[in-house]
Structures are given as structure tokens and as C-alpha cells.
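# Structural overview for review
Residue strings, one per chain:
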Amino acid sequence: NISNISNISNISNISNIFTDKTVAFGTLGCKLNFSETSTIARSFQEQGFARVDFKDKADVYVINTCSVTDSADKKSRAMIRQVIRQNPAAFVVVVGCFAQLKPEEAAAIEGVDLILGANDKFNITKYLENLEKHTSSEVHGCTFQEITAFQPSSSFGDRTRSFLKVQDGCNYFCTYCTIPLARGKSRNPSIESLVEEAKKLTAQGIKEINLTGVNIGDFGKSTGESFLDLLKALEQTKELVRIRMGSVEPNLLSDEIITFVANSTKLAPHFHIPLQAGTDEVLELMKRKYNTALFQQRVAAIRKQLPYAFIGVDVIAGMNGESDELFEKAFHFIKNLEVSQLHAFPYSERANTKALFIEGVVPIKERKFRTQQLIQLSEKKLHQFYRNNLGRTATVLFENQHDINCAGGWTENYIKVETPYQNDLLNRTRLVRLKEINGNGHVTADILLE
């Protein structure tokens, strides 16, 4: 049962009600979701809640869901049921793409109290008059046309890195994708506001900022600026040590951006470029805005200026219309691309997408088989990328301690490094020489004298 309740008034001194209450957060999906969860968590802490681990017993659970694939839907439902079993008396809130796209499915799970769409997910505490369990789910939804506001978000909690949301939404409406329906049209804040947010993060000790969003290369639609303008402004932020870009569409990854990264002292030589399909035929079915020739040109342009750059690539296997012959053609194309790693996923049918009407449905078993082939190819490419970097010097930002003997971090070109533990390594950049690939698949390194 769904009861839609509106016009809830703000409660004065609400923090006094919740000073002895705990909240836990579960997040699924992309880095953008994680940055938004961090922002939501801070709003709870401002109201007096104490944050506890998701595995602990809490008074309130907030689940930030994903719905990019059928598997993501299943994981969202499973996480919701997990917390209800964990603490049946807890107040359960569901937000995120699953909540926006499929509120009825979320509401059908007994024990869910509050479901908020995209316009309300940052205002959860306004709906918490008390934490009494509801007899039916309270739902506040909206259409994707109504999603127009940009909510600033950044992750904080990791002492080293932060994910900074610079853009949201998408105007592309690819035939297989529901992201525009879940997040609305492309929009962004001003460069000035993002630079100020970056300064605040560095003042808290953050050394690396990861730029995240749905389609960050489209930055500037709301403000008449550009993604390159944003990169140039962040480069001038003295406090920042390292900037890492999120996923940028190949048609938006210009030569100017690649050259700027190549000459930058702060932008990491790390590119994530969604390919999605390795043939022009399937790219056309997907209504992507480029072809394989342009994608190949983008990779070649990066390799020319940044031979050791990390290049990650997204690929979907088994899209409707992808015959056996087309997959073989795609596999050959991807195999010959000089990229570092693949993020391969099987195609998943999504409601309200045009791909559902494309003939030539690939059996699920075949989709999984093709995905596994791409994963195996990815493992070979990543291993070779690591081998190509052995013997080189690199700068590592150390961020964690695996055990009492080992410290870990990432190079500027996204190689996971492990080295003997030292007390002063955490949240510091150190020059290292990359030695060999260890049993964990990471690279061991010697720290060089500065």
C-alpha cells in the first residue's frame, strides 16, 4: 500500500528529538551516488543523529539505490530486505534511482516507511516528524521533467580523496538507458561555486578530488561555461594536489581537453571513456553520438601525448540486435584498442526504453558468456598495462593500511601500489619506483628519497 502525504511542516528544534538516535547508510551504484550519500549523511548529523556502520543496529536506515540494470534492481531490493531483517523496528528510507523509477516496487516491500524521488532525497529529515513505523509506505515522487534543481554533493570521510559532484542528469536518451528518467536533464552549478567547494574539501585535508556526475563532459549547459573551463579553474586552486576526471563521453573529450591534461601538473593522466559497443551497427541501435572511428581517434590522441595514461572503457554485451557476428567484430575491435581496462556488463532490459523494440534479442546465457569474454580480455589488458609501467617512477597518494606491514595507494595513472608500511605515509604523496606485480595483482614499489 502507498500513501502519498504532502505539506509536512518543518519542525522547530528537530535536532532535539534525535540527539540520541542513530542512522546508517547503504549505497549502491555509481560514485555519484556515494558523493550524494555523504551529503545526505551530513544533513542527518546536523539534526543530532549519530552515524553508525550499515552492519550495526540503527534507528534509521537510508538506502541510496541504483537501477541501471536488472541486477542493480535486485541488489536494491535485497539491501532493503536485509536492513528490515536486521532491525524490524527501524525506520527505513529508500532513495536513489530505484526509488525514482520504481517506487511501487519499493513500497511493496513490507517494512519500508519512506520513499523519496529525486527532488526530495536531500530533504529526508524534513519528513521525520518521529521515527514511528508506518502502516504503509509514504511516497513522494516526481516526473523526470520536474527534476530541475542541482544539489551540491561531495563525499567526505575518506581522509585522502573526495568525490565532487560537478554535473547531474543527461540529455542523450540512449535507447538502452533510463538515467535521464531517473535524474532529469543535464544541469550543473557554476565553476565559481565548485572551486569554493574544492577549497573547503582541501581545508579538511583532502588531497585528491574526483570529478563525478552523469555526463560531466556536458558541463556548462546551465551556466554557459564548459568542462575545459572547469578543469582550468580547478588547476589554479593552489590547495589541490591531484584532480581525477570521471567518465567523459568520447564525442565530448576534445583534443583541447587531452592536451590540457597532458600539460597539467594536477590533472591525473586517467581517462574513463564509455564505448558501450564495438561496432557502428550497434552504436547506431543504441543512438550513441559517435562511431568506432571517433573512439579509436580519441584513444590514439591520448596515447600520443600520454603514452602511460590509464584508459578505462565501459562495454555492454548482448544488446538487442547484436548478432554473433557483430559481437565477434566488436571483440576484435576492442582487443586491438590500446586501453587499460574494460568495465563489461551484460545488456539489461529497462522499462520505458526504446531498445525493447529492437529485434534480435540475445539470450541471457549468451549475454553473460560474452561479458565473461570481455572480462577475461580486460584482465589481460590490465596486467599488460601494469607490466608496461614496471621500472618507471610515479607519484603515489597513500590512503590506507592493509595490515601492520603494508600501505596502499594509487599512482597518478591509477595503478594500485603496495609498499612496506611507514607511520608517515597516510594522506601523503611520495615518489616511488614501480617494481613488480604481486600475488594480489597490485604493484610493489620502493619509496625514493625526495
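Going by the structure above, here's the rest.
### Examining the environment of L240
Structurally, L240 is set in the loop between α8 (227–235) and β10 (242–245). A residue is classified by how much of its surface remains accessible, and L240, at 3% relative accessible area, is buried. Once the C-alpha coordinates of L240 and E197 are considered, the two residues, 43 residues apart in sequence, prove to be 11 Å apart. L240 has contacts with A198, T202, K207, I209, L234 and K266, leaving out every residue within four places of it along the chain.

### A look at the pattern of salt bridges
Counted under the stated rule, the structure contains 28 salt bridges. Residue R298 pairs with D255 through a salt bridge whose shortest N-O separation is 2.9 Å. Within this pair, whereas R298 is found in helix α11 (residues 292–305), its partner D255 is found in helix α9 (residues 255–263), the two being separated by 43 residues in sequence. For R298, a relative accessible area of 10% translates into the label buried. Put simply, E36, K121, K165, D168, R183 and R187 are held in one network by salt bridges that share partners.

### Observations regarding the environment of I364
With respect to the helices and strands, the residue I364 is situated in helix α13 (residues 364–389). Under the relative-accessibility criterion, I364 is labelled exposed at 52%. As for I364 and E239, which are separated by 125 residues in sequence, their C-alpha atoms are 49 Å apart.

### A look at the packing of aromatic side chains
The full count for this structure, using the stated rule, is 11 aromatic pairs. When the centroid spacing of 5.0 Å and the interplanar angle of 65 degrees are considered together, the rings of F44 and F49 count as edge-to-face. The same class applies to F44 and to F49, which are both buried. Ring centres of F144 and F173 lie 6.0 Å apart, and the angle between their planes is 65 degrees; on these two criteria the pair is classed as edge-to-face. On the criterion of sequence distance, the pair formed by F144 in the loop between β7 (137–140) and β8 (161–165) and F173 in the loop between β8 and α6 (179–183) is long-range, its members being 29 residues apart. Above the plane of the ring of Y172 lies K289, whose end atom (NZ or CZ) is 4.9 Å from the centre. For R392, the ring lying beneath its charged end belongs to Y308, and the centroid distance is 3.9 Å.

The rules we used
- Residues numbered from 1 in each chain as written.
- Predicted model: local features only at pLDDT ≥ 70, side-chain atom pairs only at ≥ 80, totals over all residues.
- Heavy atoms only, no water.
- Helix = DSSP H or I, 4+ residues; strand = E, 2+ residues; numbered from the N terminus.
- Buried < 20%, exposed > 50% of the residue type's maximum accessible area, 1.4 Å probe, protein only.
- Contact = heavy atoms within 4.5 Å.
- Salt bridge = Lys/Arg side-chain N within 4 Å of Asp/Glu carboxyl O.
- Phe/Tyr/Trp six-rings, centres within 6.5 Å; stacked < 30°, edge-to-face > 60°.
- Lys NZ or Arg CZ within 6 Å of the ring centre and 35° of its normal.

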